[in-house]
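Read off the chains here:
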Amino acid sequence: MIRTLLFIVVMGLCPTVMAQTDESVDLDALYRQIDDAISQSPTYVAARERQIAEWRNRLYKEKNVEKSVQIAEELFHLYQPYRNDSALYYAEVCIAIADSLRRPDLAGRFRSMLAYQLSNADMFTESLEELRTVNKSVLDSVGLVNYYHAWMHVYGELGSKTQRPAIRLKYFGLQDAYRDSVLMVADEGSEEWLHLKVDILCARQLYQDALELSSEWLQKVTDGTHESAYAAFYRSMVYGRLKNHDQTCYWMGKSALDDIRCAVMNQASLLFLAERLANDGDISRAYRYAEFAKA
């Protein structure tokens, strides 16, 4: 994931255009909030562990198989940004229950979710193997979004990893094709649709349109959630394209802050912010943020 995001940043080094910007921001105040959140990280982790324990207990006690698969899926989502090995485990649990129910549509969706998680952990061979077992003809619209999104992600990761230019172009071409497939089946205004549309608008240098869509996205999410952190990260990417230093740092910091408070362990936003702080000469804070993000 971080490699793909780095590629987005590098590709964003293009000519600056004028666009409407947010009001001025107090970066020092935001950084103090991040410092405080990092110091309270054990509290946020404990809260997530309690939530996970409650859902695990529900799964243990549940006798209805169809309800069990819903609980197992919730556990997968709770672990997905927090602990990869456990997320993989509950994806496998979901697949096993779906198979027992003779629901290839559900099994295919869960295999796609597992494949995405595998490629997010650099397990590309395993990810491709899972995707090749999915019969997409039985998937509903939700399953198709997960299926195409997983293919898009793994090819994007492979493209960013290879050192061979021709292969890189091939993989990124496949990534683009699956991006189009996701947009065809995703509901307009969904998270999957929004982040891909922001990407496309930025690639076309339509930054004002990207900011307007980003504003709509931020209105849909609840502040202080992993979803709001994701939306804030993409807003920071738009401002990065515009070379607006303060707004880029603000939204990157807002993304990092929300994720710290949600005990999210994939701290890409904080790593990018640390890099910018280092470039600004704030080496001490940059080091602290990088060390926390990599922990």
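For the structure itself, look to the data block above.
What you see is a predicted model, and the numbers here were worked out from it, not measured in a lab.

Conventions adopted
- Residue positions within a chain follow its written sequence, with the count starting from 1.
- Only residues with pLDDT of at least 70 get local features here, since the model is predicted, and only at 80 or more are side-chain atom pairs given and counted; chain-wide, interface and lining totals rely on the full set of residues.
- Each side-chain value is derived from all of the structure's non-hydrogen atoms; neither hydrogens nor water enter the calculation.
- Secondary structure counts use DSSP, requiring at least four H or I residues in a row for a helix and at least two E residues in a row for a strand, with both numbered from the N terminus.
- Take the number of residues in a helix, subtract one, and multiply by 1.5 Å to get its expected span.
- Buried residues are those whose accessible area, probed at 1.4 Å on protein chains only, stays under 20% of the maximum for their type, while exposed residues exceed 50% and partly exposed ones sit between those limits.
- Axis definition: a line fit to C-alpha positions, over the contact stretch in the case of helices; interaxial angles, taken between N-to-C directions, run 0 to 180 degrees.
- When an angle is under 35 degrees it counts as roughly parallel; over 145 it counts as roughly antiparallel; between 65 and 115 it counts as roughly perpendicular; any other value is oblique.
- If you view the pair so one helix is near and one far, a crossing is left-handed when the near helix is turned anticlockwise from the far one by less than a right angle, and right-handed when it is turned clockwise.
- Should any heavy atoms of two residues lie within 4.5 Å, those residues are considered in contact.
- To obtain the arc, one takes the directions from the helix axis to the C-beta atoms.
- Grouping buried Ala, Val, Leu, Ile, Met, Phe, Trp, Tyr and Cys residues that are joined through side-chain atoms within 4.5 Å yields what is termed a nonpolar core.
- Following the grouping adopted for this structure description, the nonpolar residues are Ala, Val, Leu, Ile, Met, Phe, Trp, Tyr, Cys and Pro, the charged ones are Asp, Glu, Lys and Arg, and the polar ones are all others, Gly among them.

**Student:** Break down helix α14 (residues 268-279) for me, with residues and values.
**Tutor:** Taking 1.5 Å per residue as the helical rise, α14 with its 12 residues ought to reach 16 Å, and the 17 Å between its terminal C-alpha atoms agrees with that figure. All buried positions along α14 are accounted for by Ala268, Ser269, Leu270, Phe272, Leu273, Ala274 and Leu277. After α14 finishes, the residue Gly281 shows a positive phi value of roughly 95°.

**Student:** An account of the packing of helix α6 (residues 104-120) against helix α7 (residues 124-132) is needed here, citing residue identities and associated values.
**Tutor:** At their nearest, the axes of α6 and α7 sit 8 Å apart, and the two run at 165° to each other. Taken together, the axis directions place α6 and α7 in an arrangement best described as roughly antiparallel. The two elements α6 and α7 cross, and the hand of that crossing is left-handed. For the pair α6 and α7, contact is made by Arg111, Ser112, Leu114, Ala115, Leu118 and Ser119 and by Phe124, Glu126, Ser127, Glu130 and Leu131, respectively.

**Student:** Talk me through helix α11 (residues 207-220); I want residue IDs and the actual numbers.
**Tutor:** Helix length check: α11 (14 residues) gives 20 Å between terminal C-alpha atoms against 20 Å at 1.5 Å per residue, within 8%. Residues of α11 that are buried: Tyr207, Ala210, Leu211, Leu213, Ser214 and Trp217. Axial view of α11: buried residues confined to an arc of 165°, hence all on one face.

**Student:** Account for the nonpolar core, naming residues and giving values.
**Tutor:** Among the nonpolar cores identified, the biggest contains 91 residues, and Ile34 and Leu273 are the most heavily contacted of them. When residues of this core are assigned to their parent elements, the largest contribution, 10 residues, is made by helix α8 (residues 141-161). Sequence-distant contacts of Leu273, that is, excluding residues within four places in its chain, are made with Tyr31, Ile34, Cys249, Met252, Gly253 and Tyr289.

**Student:** With reference to specific residues and values, describe the packing of helix α3 (residues 41-61) against helix α4 (residues 65-79).
**Tutor:** Contact geometry for α3 and α4: axes closest at 9 Å, N-to-C directions at 160°. In terms of axis orientation, α3 runs roughly antiparallel to α4. Classified by chirality, the crossing of α4 by α3 is left-handed. For the pair formed by α3 and α4, the contact residues are Arg48, Gln51, Ile52, Trp55, Arg56, Arg58 and Leu59 on the first element and Ser68, Ile71, Ala72, Glu74, Leu75, Leu78 and Tyr79 on the second. Here the contact of α3 with α4 is composed, by residue class, of eight nonpolar, two polar and four charged.

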